[in-house]
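# Summary of structural features
So you can see what is in the structure, the chains are spelled out below.
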Amino acid sequence: MIPAPTRYARAADVDHALELLADPDAKALAGGQSLIPVMKLRVARPSLVVDISRLDLCGVSEHEGELHVGPLTTWRELVASEVPSRPGLAAIAECAGGIGDLQVRNLGTIGGSIAHADPASDMPAVLLALGARLRLRSSGGERELALAEALVGPFTTAIEQGELLVDVVVPIPPTGSGSAYCSVEHPASGFALVGAAALVQPEDETVALTGVGATPFALVGGDPKAAIAAAEIYGDRFASAEYRRELAGVLVERALATARERAR
C-alpha cells in the first residue's frame, strides 16, 4: 500500500498553516493515525500534506467554566491530564485511554479524530454527550460550531476547506454530575462496533452513540430505549443492525449506571 504522489510542507505557525491549506486539495496532518492509512489505500489523494504537528495547539486548560482542549492534544496527554479528577468529565480520559494501542495513543490527536469523522470513532460520542463546540479559524476570521452540527456524514464534516480547528470547547458540568463511556470493539480493528457515552447532571441526562450510524449522534428525548428503537441503525458484515440496536441498549444502560454512580 503506497500513497499517491504528494507534496509536503511543515507549517511554522497557524497563519502559515492557513496559507498552505488555501490549496483546495491540501490536507492537514496532525498525528497521522487517520490520514496516513487512507492515503495508503489511496482513498485520500491530497496534492499537498500540511504538517501541523508542531503548532502550539495542544494542552488542556479551564477558563470561565469551560474546558479548552487543543486539537493537537494526544490521547496519552488527555489520560495524563487532570480531566479524570472531575466526575462530570471522566468519560473523556476513560475513552482516550481505550483508543487504539500505545503507539496510536502517543501520536493520535483529538482534533484529528474529529476532522476525520469516522462513523465508528469513540471520542465524538463523548464530546456530543458533553455538548462540545469547535472553534475554527480561517484567513477570514474565526467561528464556532457545535460538534453536533459539524458531523454531517461518514468521513464528512462542516469544516470548510481552508479552515483549521484551533480549540475544542467543552462546558464543565456542574457539581453533582458524572459521565462515562462504554464500548464493544471489533477484535481485529479495535474500532467500536457500538459505543455509548452518558452525561448525568442534577436535572438532566444525555446519551450519545457511535458505531451504529452514518455519524456519532446524541439520542433525542428522555427515554433512551425509545430513542434507540426509533433510531436508524446500520448493519454491515461485522454486525447486523438488530445486533447493534440490542447492544446499544445494553451499553447505554451501563454508561448511565456508571455516570450516575460517579455523580453521587
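Going by the structure above, here's the rest.
### Looking at unusual backbone geometry
Although it is not a glycine, Arg42 sits at a positive phi angle of roughly 65 degrees. Relative to the elements of secondary structure, Arg42 occurs in the loop between helix H2 (35-40) and strand E3 (48-51). One non-glycine residue, Ala117, lies in positive phi territory at about 60 degrees. With respect to the helices and strands, Ala117 occurs in the loop between helix H6 (110-116) and helix H7 (123-129).

### Points about the nonpolar core
Buried together is how nonpolar side chains tend to be arranged in soluble globular proteins. Membership of the largest hydrophobic core comes to 38 residues, with the highest contact counts inside it found for Ile92, Met123, Val126 and Leu127. Core analysis: the next-biggest nonpolar cluster, separate from the first, contains 22 residues, Leu209, Ile233, Val252 and Ala259 among them.

### Concerning helix H10 (residues 241-263)
For H10, built from 23 residues, the straight-helix expectation of 33 Å at 1.5 Å per residue is met to within 8% by its first-to-last C-alpha distance of 32 Å. Along H10, the positions that sit buried rather than exposed are Ala241, Arg244, Leu247, Ala248, Leu251, Val252, Ala255, Leu256 and Ala259. At its buried positions, H10 is contacted by strand E11 (178-185), strand E12 (192-201), strand E13 (204-210) and helix H9 (224-230).

### Regarding the sheet that holds strand E2 (residues 26-29)
The parallel open sheet is built from 3 strands, whose spatial order is E1-E3-E2. Edge positions in the open sheet fall to strand E1 (7-10) and E2, since each of these has one partner strand only. Strand-to-strand twist across the sheet, computed as the mean angle between neighbouring axes with direction ignored, equals 25 degrees. Where E2 meets E3, 4 bridges bridge the pair, whose relative direction is parallel. Its bridge partner lying in E3, Leu29 is registered against Asp51.

### Some thoughts on the pattern of salt bridges
Summed over all chains, the structure comprises 14 salt bridges. Close ionic contact of Glu261 with Arg264 constitutes a salt bridge, the shortest N to O distance being 2.6 Å. Its relative accessible area of 48% is what places Glu261 among the partly exposed residues. Assessed through its relative accessible area of 73%, Arg264 is described here as exposed.

### Comments concerning the pairing of strand E7 (residues 141-146)
The side chains of a regular strand alternate, residue by residue, between the two faces of the sheet. Here 6 bridges tie strand E6 (residues 133-138) to E7, and the two strands are oriented antiparallel to one another. In the sheet register, Leu134 faces E7, and the bridge partner there is Leu145. Connecting E6 to the next strand, E7, in antiparallel fashion are 2 residues.

### Some details on the sheet that holds E13
Strands sit in the order E11-E12-E13-E14 across an open sheet of 4 strands; the sheet is antiparallel. Edge positions in the open sheet fall to E11 and strand E14 (217-218), since each of these has one partner strand only. Pairing of E13 with E14, which is carried by 2 bridges, proceeds in the antiparallel orientation. Across the sheet, residue Ala208 finds its bridge partner in E14, namely Ala218. Packing of H10 onto the sheet brings it into contact with E11, E12 and E13, and relative to E12 it is tilted by some 35 degrees.

### Overview of the side chain of His186
With respect to the secondary-structure elements, His186 resides in the loop between E11 and E12. Residue class for His186 comes out buried when judged on its relative accessible area of 18%.

### A look at the pairing of E6
Relative to strand E10 (residues 164-171), E6 runs antiparallel, the two being bridged by 5 bridges. In the sheet register, Leu134 faces E10, and the bridge partner there is Val168.

### Topic: the side chain of Ser81
By secondary structure assignment, the location of Ser81 is in the loop between helix H3 (75-80) and helix H4 (90-96). At a separation of 2.7 Å, a polar atom in the side chain of Ser81 contacts the main-chain carbonyl oxygen of Leu78. A distance of 3.2 Å separates the side chain of Ser81 from the backbone nitrogen of Val83, its partner in a polar contact.

### Points about the environment of Leu89
In this structure, Leu89 sits in the loop between H3 and H4. Along the primary structure Leu89 and Ala180 are separated by 91 residues, whereas in three dimensions their C-alpha atoms are 8.2 Å apart. Non-local contacts of Leu89, meaning those with residues more than four positions away in its chain, are made with Leu67, Val83, Leu130, Val170, Pro171, Ile172, Pro173 and Ser179.

About the thresholds
Residues numbered from 1 in each chain as written. Predicted model: local features only at pLDDT ≥ 70, side-chain atom pairs only at ≥ 80, totals over all residues. Heavy atoms only, no water. Helix = DSSP H or I, 4+ residues; strand = E, 2+ residues; numbered from the N terminus. Core = buried A, V, L, I, M, F, W, Y, C linked by side-chain atoms within 4.5 Å. Buried < 20%, exposed > 50% of the residue type's maximum accessible area, 1.4 Å probe, protein only. Expected span 1.5 Å × (residues − 1). Contact = heavy atoms within 4.5 Å. Pairing = 2+ DSSP bridges. Axes fitted to C-alpha atoms, helices over the stretch in contact; angles between N-to-C directions. Salt bridge = Lys/Arg side-chain N within 4 Å of Asp/Glu carboxyl O. Polar contact = N/O pair within 3.5 Å; in protein donor to acceptor, adjacent residues only side chain to side chain.

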